[in-house]
Amino acid sequence: MARVRARPNDLSVGEMAARAGVPVSTLHYYEAEGLIESWRTPANHRRYDRRELRRVAIVRVAQSVGVPLAEIRTVLDRIPRDRAVSAADWAAAAEPWQAMLDERIELMQRLRDQMGHCVGCGCLSLTNCPLYNADDRLGANGAGPRRWLGRPEERESLDD
Ligand code: FES
């Protein structure tokens, strides 16, 4: 919160919260975390540039798929604040997320498609566990569901 200016399209904190679909307290939290910015009117009322709505939207969606706030901040910090922002600016800022998002998408697809299959977790509770994880041999490679979270080569070699 810093700049003082007059822009008729700027939003009050209530308008911002309503349009973004978050509580006012969430806006304050995002601001304290440096994810969004506001400014104060001469009467000391908080105002948000409408463009902050896009930042809030990205924070909410990224959080909903498990992206840590620190990683979200890294991307948002790459978006210029001193000029109009283009689609290319956003695409360039999000580039570091590509591999991480691809990995999350793949994991979500496995979660969606393989709930009825052996995941290599050590439970040996499904009828196909002896086929894919006889005697819990995958446990020797590490903890957790090896067929979902193991090394890529480990997962690929075990795919149906
Ligand atoms: S589902 Fe747990 S070891 Fe097969």
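Residues numbered from 1 in each chain as written. Predicted model: local features only at pLDDT ≥ 70, side-chain atom pairs only at ≥ 80, totals over all residues. Heavy atoms only, no water.

A. Inspection of the UniProt feature "domain: HTH merR-type" (unreviewed entry) in the chain at higher detail. The UniProt record marks residues 10-78 with the feature "domain: HTH merR-type" (unreviewed entry), using the residue numbering of this structure. Annotated as 55% helix and 10% strand, the span residues 10-78 places its first and last C-alpha atoms 22 Å apart. (UniProt positions renumbered as here; feature names shortened; annotations may be inferred. Helix = DSSP H or I, 4+ residues; strand = E, 2+ residues; numbered from the N terminus.)

B. The pattern of salt bridges, seen in detail. Summed over the entire model, instances satisfying the criterion amount to eight salt bridges. Between Asp89 and Arg83 there is a salt bridge, with the nearest N and O atoms lying 2.8 Å from each other. Exposure remark for Arg83: the relative accessible area of 42% places this residue in the partly exposed category. One connected set of salt bridges, linked through shared partners, spans Glu37, Glu52 and Arg81. (Salt bridge = Lys/Arg side-chain N within 4 Å of Asp/Glu carboxyl O. Buried < 20%, exposed > 50% of the residue type's maximum accessible area, 1.4 Å probe, protein only.)

C. Layout of helix H1 (residues 13-20). Along H1, the residues classified as buried are Met16, Ala17 and Ala20. Along the axis of H1, the buried residues cluster in a sector spanning 95°; they form a single face. For H1, the exposed residues set more than 90 degrees away from the buried face come down to Ala18 and Arg19. Buried residues along H1 sit against strand S1 (11-12), helix H2 (24-32), strand S3 (46-48) and helix H3 (52-64). In the segment just after H1, Gly21 is the residue with positive phi, at about 80°. (Arc of directions from axis to C-beta. Contact = heavy atoms within 4.5 Å.)

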